[in-house]
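# Working through the structure, step by step
One letter stands for each residue in the lines below.
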Amino acid sequence: MRSAKLFQYQLPMDSGVILRDQRLITREGWVIELCQDQQRAYGEIAPLPEFSLETAAEAGEQAQQILSQWVAGEELDLDAAFPSVAFGISCAIAELAAELPEAGNYLAAPLCSGDPDDLVVRLNQMPGDKVAKIKVGMYEAVRDGIVANMLLEAIPDMQLRLDANRQWTPLKAQQFAKYVKPEHRSGIAFLEEPCRLPSDSLAFAQQTGINIAWDETVRDAGFEVKAEPGVAAIIIKPTLIGSLARCITLIEQAHAAGLTAVISSSIESSLGLNQLARLAQWQTPNVIPGLDTMQLFQVQLIQSWPDCELPVIPLSELDMVWHK
Ligand SMILES: O=C(O)CCC(=O)c1ccccc1C(=O)O
Ligand SMILES: [Mg+2]
C-alpha cells in the first residue's frame, strides 16, 4: 500500500539575502511525504528563483503527477522531470529504501560575503582542514584580489574557495589575479566561474595558475565532465541538476576525470540541506560541501540543522495541498 502527500511551505529569510537581481524575502517550496508499508519518508522540492527554469507552481503541479504515478506503482521517468522535482522525489524514494545513509557531512565551508576579519575568526576556530568560501565579483576586482591575498597570508594552511558567478570580464579577472601573489595562488582551491564565457575562464586559469571550478557551466546544455588544465572541480547543486542518480553519475564522472565534486546548496530549507549533507558524506566523503546557507533563513523546517538555534516549523504547521 502506497500513499503520498504534498505540503506547501513559505519560510521568511534573513533581510539581506540577494539572489542575482532580487531580494529573496520568502523561500517557497514543497515537502513531499511518501508512505509505504507504515514507513514514511520526506523530500523537498524548492526551485530557486532566478536559477531554476521551473517556478514553484509548475514544480508543484508536476510533483502531483509523478506522485500519482508512484502511488499507482508505475515506472517513473525522473530524467524527464524538472530538476527540483526529480531531486526531491528521488531523495524521498531513497529514504524509503534506506539507500541514503544517515551520516552527514555538516562541516560546511564558511561562506563570507561581508567582513573578511569575521572569516579569520571563524577559520581559526575550525577543526581539521581550513576551507572557506568568499563571493567575489560584486565590488571592485582589485578589492577582491587584496582580500584574497590578505586571507591567504593570514592563514597559510587554508584552502580558499572563491566564487565570481561569471561576473568578470577577462580584464577584470586579470586585475583580480594581479593582486594575488604568485606564491599564494596554490592556496586558492578554486575560483568558480570567473568570466561570463567558459572559454575565457579556462584561459584565465591557464594564464594565472589559479584553478577554476565549473558551477553554472555544469547546467549549460551539452556540458560534459572532462579533465582540462586549470580545472579543479565541478559544483553540483542537486536542486538545479536533478535526481540523486543523475547527481551520482556526475560525481562519478568527475572522480574518473580526476576532478573534485562539491555538493552545494541551492538555499534549500534545513530539511533538504540535511539530505544534501548526507549525500555529500556518502558520495564525496573527503570534500567539504558548500552548505553554509542556514544563516540565510529565519526559521528551520521539520528537522534541525546541527548547532542551528533557529526555531523549527513542524510538518503539522504546513498546509497539505494534495494527497493520494
Ligand atoms: O556553494 C556554496 O558554498 C553555497 C551556495 C551558493 O553559493 C549558491 C547558492 C544558491 C545559488 C547560487 C549560489 C552560488 O554559487 O553563487
Ligand atoms: Mg557559484
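Per an unreviewed UniProt entry, the protein chain goes by the name o-succinylbenzoate synthase and belongs to Photobacterium malacitanum. The record held by UniProt for the protein chain lists under Catalytic activity (unreviewed entry) the comment "(1R,6R)-6-hydroxy-2-succinyl-cyclohexa-2,4-diene-1-carboxylate = 2-succinylbenzoate + H2O".

## Some remarks on the site of ligand 1
Taken together, 14 residues lie near ligand 1, and Lys-133, Lys-135, Asn-165, Lys-237 and Ser-264 sit nearest. Between ligand 1 and the protein, one listed contact pairs an oxygen atom with a side-chain N or O atom of Lys-237 at 2.8 Å. For ligand 1, the protein covers 94% of the area, taking 380 Å² as the surface of the free molecule. Per-class residue counts for the shell around ligand 1 are three nonpolar, five polar and six charged.

## Here we look at the side chain of Gln-62
Take Gln-62: it is sitting in helix 1 (residues 56-71). Of the polar contacts made by the side chain of Gln-62, one reaches the backbone nitrogen of Phe-82; its length is 2.8 Å.

## Topic: the UniProt feature "binding site: Mg(2+)" (unreviewed entry) in the protein chain
When the UniProt feature table is mapped onto this chain, "binding site: Mg(2+)" (unreviewed entry) is found at Asp-163, Glu-192 and Asp-215. Spanning 53 residues, the named residues nonetheless gather at one spot, since no C-alpha pair among them exceeds 9.2 Å. Of the residues annotated just before, the largest cavity has Glu-192 among its lining. Mapped onto the secondary structure, Asp-163 falls in strand 6 (residues 158-163). Not counting residues within four places of it along the chain, the set of residues in contact with Asp-163 comprises Lys-133, Ile-134, Lys-135, Val-136, Leu-191, Glu-192 and Asp-215. Among the secondary structure elements, Glu-192 is positioned in strand 7 (residues 188-192).

## Things to note about the domain arrangement of the protein chain
Domain boundaries assigned for the protein chain yield domain 1 (2-102 + 305-323) and domain 2 (111-295). Centre-to-centre separation of domain 1 and domain 2, based on C-alpha positions: 26 Å. Contacts between the two partners involve 34 residues from domain 1 and, on the opposite side, 27 residues from domain 2. Here domain 1 and domain 2 share an interface that buries about 2,400 Å² over both sides, 66% of which is from carbon and sulfur atoms.

## Remarks on the nonpolar core
The biggest cluster of nonpolar side chains holds 85 residues, and the ones touching the most others in it are Leu-160, Leu-162, Phe-176, Leu-191, Ile-234 and Ile-236. Looking at which domains feed residues into this core, each of domain 1 (2-102 + 305-323) and domain 2 (111-295) gives three or more. Setting aside residues no more than four positions away along its own chain, Ile-236 makes contact with Ile-241, Cys-247, Leu-250, Ile-251, Ala-261, Val-262, Ile-263 and Ser-264. In this structure, Trp-30, Ala-63, Ile-66 and Val-85 belong to the second largest nonpolar core, which totals 21 residues.

## A short note on the coordination of the magnesium ion (ligand 2)
Distances from the magnesium ion (ligand 2) to its protein donors, Asp-163 (OD), Asn-165 (OD1), Glu-192 (OE) and Asp-215 (OD), fall at 2.3 to 2.7 Å. Every donor residue of the magnesium ion (ligand 2) comes from the same chain, spaced as D-x1-N-x26-E-x22-D. Of this pair, Asp-163 sits in strand 6 while Glu-192 sits in strand 7, and the two are 29 residues apart along the sequence. Relative accessible area serves as the criterion here: at 0%, Asp-163 is assigned to the buried category.

## Description of helix 5 (residues 170-178)
Of the residues making up helix 5, those classed as buried are Ala-173, Phe-176 and Ala-177. Along the axis of helix 5, the buried residues cluster in a sector spanning 95°; they form a single face. With respect to the buried face of helix 5, the exposed residues turned more than 90 degrees away are Leu-171 and Lys-178. Contact partners of the buried residues in helix 5: helix 4 (141-154), strand 6, strand 7 and helix 6 (198-208).

Thresholds applied
Note that residues are indexed from 1 along each chain, following the sequence as it is written. Chain A is the first chain written and ligand 1 is the first ligand written, with later ones labelled in order. The predicted origin of the model limits local features to residues at a pLDDT of at least 70 and limits the giving and counting of side-chain atom pairs to 80 or more, whereas totals for whole chains, interfaces and linings rest on all residues. The side-chain quantities take in all heavy atoms of the structure and omit both hydrogens and water. UniProt positions are given in the numbering used here, feature names are shortened, and annotations may be inferred rather than shown by experiment. We call a residue near a molecule or strand whenever a single non-hydrogen atom of that residue lies within 4 Å of it. Here a polar contact is taken to be a pair of N or O atoms separated by no more than 3.5 Å, where protein atoms must pair a possible hydrogen donor with a possible acceptor and residues adjacent in sequence count only if both atoms sit in side chains. Under the convention used here, a 1.4 Å probe and the Shrake-Rupley method define accessible areas, while residue burial counts only the protein chains that appear. Charged residues are taken to be Asp, Glu, Lys and Arg, nonpolar residues to be Ala, Val, Leu, Ile, Met, Phe, Trp, Tyr, Cys and Pro, and polar residues to be all remaining types, Gly included. Only DSSP runs of H or I reaching four residues or more are called helices, and only runs of E reaching two or more are called strands; each is numbered from the N terminus. Both cavities and pockets are sets of points on a 1 Å grid over the protein atoms alone; in a cavity a 1.4 Å probe fits but cannot get out, in a pocket the set is open with protein on both sides within 12 Å along at least five of seven lines, and lining residues sit with an atom within 4 Å of a point. Only heavy atoms enter the contact rule, under which two residues are in contact if any of them lie within 4.5 Å. What counts as a domain boundary in this text is fixed by an automatic or database domain assignment. Once two parts are joined, some of their accessible surface, as seen by a 1.4 Å probe, is lost; buried area is that loss totalled over both. Throughout, nonpolar core names a set of buried Ala, Val, Leu, Ile, Met, Phe, Trp, Tyr and Cys residues whose side chains join them through atoms within 4.5 Å. For each residue, the accessible area found with a 1.4 Å probe, counting protein chains only, is set against the maximum for its type, and the residue is called buried under 20%, exposed over 50%, and partly exposed in between. Distances up to 2.8 Å from the metal define which N, O and S atoms are donors, and 3.2 Å serves for Na, K and Ca; water is absent from the atom set, so sites may look incomplete. By arc we mean the arc of the directions from the helix axis to the C-beta atoms, nothing more.

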